[in-house]
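As a plain string of letters, each chain reads:
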Amino acid sequence: MTPPLQHKVALVTGASRGIGRGVALGLGEMGATVYLTGRTLSGRSPQLPFLPGSLEDTAQEVTALGGLGIAVKCDHTDDAQTRAVVERIQNEQGRLDILVNNVWGGYEGLHLWDERGEQWNAPFWEQPTSIWDDMFTAGVRAHYVTSQCAAPLLIAAGGLMVGISFFAAMRHRDTEGIAYFLAKNATDQMALAMANHLRKHGVTSVSLYPGLVRTEAVLQAPAGTFDFSNSESPQFIGRAVAALANDPNVFGKTGQVLVAAELGEEYGFTDLDGKRPRSLRADWEM
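Residues numbered from 1 in each chain as written. Predicted model: local features only at pLDDT ≥ 70, side-chain atom pairs only at ≥ 80, totals over all residues. Heavy atoms only, no water.

### Here's the deal with empty space enclosed by the protein
Evaluated as defined, the whole model comprises two cavities of 30 Å³ or more. Together, Asn-101, His-143, Ser-147, Met-161, Val-162, Gly-163, Thr-187, Met-190, Ala-191, Met-194, Ser-205 and Val-206 line the largest cavity. Looking at the lining of the largest cavity, the elements that each hand over two or more residues are helix H5 (130-157), strand S5 (160-164), helix H6 (178-198) and strand S6 (204-209). A total of four residues in the lining of the largest cavity trace back to one element, the largest contributor, which is H6. Tallied by class, residues from the lining of the largest cavity come to six nonpolar, six polar and no charged. Taken together, Trp-120, Gln-127, Ile-131, Met-135, Gly-177, Ala-179 and Tyr-180 make up the full set of residues lining the second largest cavity. (1 Å grid on protein atoms, 1.4 Å probe; cavity = no way out; pocket = protein on both sides within 12 Å on 5 of 7 lines; lining within 4 Å. Points joined across faces, edges and corners; volume = space filled by probe spheres on them. Helix = DSSP H or I, 4+ residues; strand = E, 2+ residues; numbered from the N terminus. Nonpolar A, V, L, I, M, F, W, Y, C, P; charged D, E, K, R; others polar.)

Structure follows, in structure tokens:
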């Protein structure tokens, strides 16, 4: 049986580890050709040496699952490198069907200057200004520039654009950083605005919320920091993206904010352990 995404080409940014890696694996399961970008081509990240994961590792796993993983080193804070990735895809594949804007530098400061989370939870006037740049330059702006570069190819394919966001965008809590809230909210609004521009071209643009994801960084948190009873593997988010990419009626969702757990209910996929996590929407709407 032919895998449903065998003839589809995807670009997943920030795929050395974490959610990006999981998205790439979810697409690989369905047979897609997946270009993976990030700063860590092999070995360990110089910025985060305590975290495992590299592009080459992810690419090998994608291929082992039945897709084709192609690792491309790229620092998405450099627009020229971003453009070069999209040009390479155009030259090698002649098409791009799926773009997943996942790259995110917003948590690096949490590890590099804030091991105990004190500054992360501090009021904005006590936080380093650099946290804004980490989230908006290596996050929101990187998503915007990648989308700009990829839009002509996505238009030609009638493709799918997904921005990875989070529930923190829904409303601000006094325990959440202001830069974090604004960055995630900007991701959601960008998906909506791009959907408006792309609507007449048949391109679907959505924002996607994971729940609590068992990334490499989250699993290294001190015992008791997280309750994993309703958590998700990174690959579960990938299965959500793959389900969207395989839905012939996905354009009906353009401009929406979607939740991976709710898509699991809709499309019938589960996590690696066969379970289906519960959506956190109600927890954030309270």
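That was the structure; now back to the text.
### A closer look at the environment of Lys-73
Along the chain, the position of Lys-73 falls in strand S3 (residues 68-73). Residue classification places Lys-73 among the exposed residues on the basis of a relative accessible area of 54%. It is 9.8 Å that separates the C-alpha atoms of Lys-73 and Gly-14, two residues lying 59 residues apart in sequence. If sequence neighbours within four positions are ignored, Lys-73 has contacts with Gly-38, Arg-39, Leu-41, Leu-55 and Gln-81. (Buried < 20%, exposed > 50% of the residue type's maximum accessible area, 1.4 Å probe, protein only. Contact = heavy atoms within 4.5 Å.)

### A closer look at the packing of aromatic side chains
Taken as a whole and assessed by the stated rule, the structure comprises eight aromatic pairs. A centroid spacing of 6.3 Å and a plane angle of 55 degrees characterise the contact between Trp-104 and Tyr-180, whose relative ring orientation is tilted. Residue Trp-104 is found in the loop between strand S4 (98-101) and helix H4 (108-112), and its partner Tyr-180 is found in helix H6; the two are separated by 76 residues along the sequence. Tyr-180 carries the same exposure label as Trp-104, and that label is buried. Between the aromatic rings of Phe-166 and Phe-167, the centroid separation amounts to 5.7 Å while the plane-to-plane angle is 80 degrees, which identifies the pairing as edge-to-face. Residue Phe-167 is classed as buried on the basis of its relative accessible area, which comes to 1%. Counting every residue linked through ring pairs, the aromatic cluster contains Phe-166, Phe-167, Tyr-209 and Trp-284. Residue placement shows Lys-184 over the ring face of Trp-104; its charged tip is 3.8 Å from the ring centre. (Phe/Tyr/Trp six-rings, centres within 6.5 Å; stacked < 30°, edge-to-face > 60°. Lys NZ or Arg CZ within 6 Å of the ring centre and 35° of its normal.)

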